[in-house]
Amino acid sequence: LHFRPRLFCGDLTMRASEAAANGPCTAVQVCFIGEREAAEPPAKKAKTVSAPIGPAAGAAQSTQSMRLRHILVKFHEGPKPPEDPKAKWASRSKSEAERMIRTAMAELRRDRKEWKKAPKDATELVNMGTKKFMELARELSDCETAKKGALACGDLGWVTHEARAAMSAEFKEVIDHLMPGHWSDIVVSSQGLHLVQRVA
């Protein structure tokens, strides 16, 4: 959870609020960023190489394409934009959307604890979690990709540095540091809230 401060703060606030019988409660998120390790140069055939898990995978390269999949939860804040009156309007609030994302992450963690063996690399990590991810994406995600079958479920494809920046500055900042197989913190874009996994 220390790599997902927004998820952690939301979960902590929710628990504290429940313990205080829904009284007022505030969480303050403070992040201390240490020196980053020197990033390894990207492999020439990064799209086909299976990456190791953990520190050996190296820092994610902001200049390379990343294969991503996600769960998108839309929410509304304020009045419906007048320039797009026909667009579907999410009925949930931002706090409700965050609660859904936290629930999804908790389910993914529970599923991983039930695995009978440890994944040997990032590819196996992704494959072993695919069944639970697909269940959650179909249940919770507002993205059209959630309706697709098998490995296409929730798939954003190979996303370039420029495409990540176009989603939002926060999206790029959070996703650029993901290693293959790892999940992001809650991240905001113009589309809503995302829980993103770097597949490759």
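The structure contained in this document is the topic of the report that follows. It should be emphasised that the depicted structure is a prediction, and the values quoted were computed from it without experimental measurement.

## Focus on the packing of aromatic side chains
Now for step 1: Summed over all chains, the structure comprises 1 aromatic pair.
Now for step 2: A centroid spacing of 5.7 Å and a plane angle of 40° characterise the contact between phenylalanine 133 and tryptophan 183, whose relative ring orientation is tilted. Of the two residues, phenylalanine 133 sits in helix α3 (residues 122-140) while tryptophan 183 sits in the loop between α5 (169-175) and β3 (187-189), which places them 50 residues apart along the sequence.
Now for step 3: Directly above the ring of phenylalanine 133 sits arginine 69, whose terminal nitrogen or CZ lies 4.3 Å from the centroid.

## So, helix α2 (residues 94-113)
Now for step 1: With 20 residues, α2 extends 29 Å between its outermost C-alpha atoms, agreeing within 8% with the 28 Å of an ideal straight helix rising 1.5 Å per residue.
Now for step 2: Where α2 is concerned, the buried positions are Ala97, Glu98, Ile101, Arg102, Ala104, Met105, Ala106, Leu108 and Asp111.

## Details of the side chain of histidine 70
Now for step 1: One can find histidine 70 in strand β1 (residues 66-73).
Now for step 2: Setting aside its immediate chain neighbours within four residues, histidine 70 contacts Phe133, Ser141, Cys143, Thr145, Gly154, Leu156, His194, Leu195 and Val196.

## Here's the deal with the environment of histidine 182
Now for step 1: With respect to the helices and strands, histidine 182 occurs in the loop between α5 and β3.
Now for step 2: Between the C-alpha atoms of histidine 182 and valine 199, which are 17 residues apart in sequence, the distance is 7.8 Å.

## Notes on the pattern of salt bridges
Now for step 1: Counting across every chain of the model gives 10 salt bridges.
Now for step 2: For glutamate 107, the salt bridge goes to arginine 110, with nearest N and O atoms at 2.7 Å. Within this pair, glutamate 107 and its partner arginine 110 are both found in helix α2, separated by 3 residues, close to a single helical turn.
Now for step 3: Using a relative accessible area of 24% as the deciding quantity, one classes glutamate 107 as partly exposed.
Now for step 4: Overall, the relative accessible area of 45% leaves arginine 110 in the partly exposed class.
Now for step 5: The structure contains a network of salt bridges with shared partners spanning Glu107, Arg110, Lys132 and Glu135.

## Brief notes about the pairing of strand β4 (residues 192-198)
Now for step 1: For β4, the buried fraction is high: 7 of the 7 residues fall into the buried class.
Now for step 2: Two elements, β1 and β4, share 6 bridges in a ladder whose sense is antiparallel. Along β4, the bridge assignment pairs arginine 69 with glutamine 197.
Now for step 3: Bridging between β3 and β4 involves 3 bridges; their strand directions are antiparallel. Across the sheet, valine 188 pairs through a bridge with leucine 193, a residue of β4.
Now for step 4: Between β3 and the antiparallel strand that follows it, β4, lie 2 residues.

Calculation notes
- Residues numbered from 1 in each chain as written.
- Predicted model: local features only at pLDDT ≥ 70, side-chain atom pairs only at ≥ 80, totals over all residues.
- Heavy atoms only, no water.
- Phe/Tyr/Trp six-rings, centres within 6.5 Å; stacked < 30°, edge-to-face > 60°.
- Helix = DSSP H or I, 4+ residues; strand = E, 2+ residues; numbered from the N terminus.
- Lys NZ or Arg CZ within 6 Å of the ring centre and 35° of its normal.
- Expected span 1.5 Å × (residues − 1).
- Buried < 20%, exposed > 50% of the residue type's maximum accessible area, 1.4 Å probe, protein only.
- Contact = heavy atoms within 4.5 Å.
- Salt bridge = Lys/Arg side-chain N within 4 Å of Asp/Glu carboxyl O.
- Pairing = 2+ DSSP bridges.

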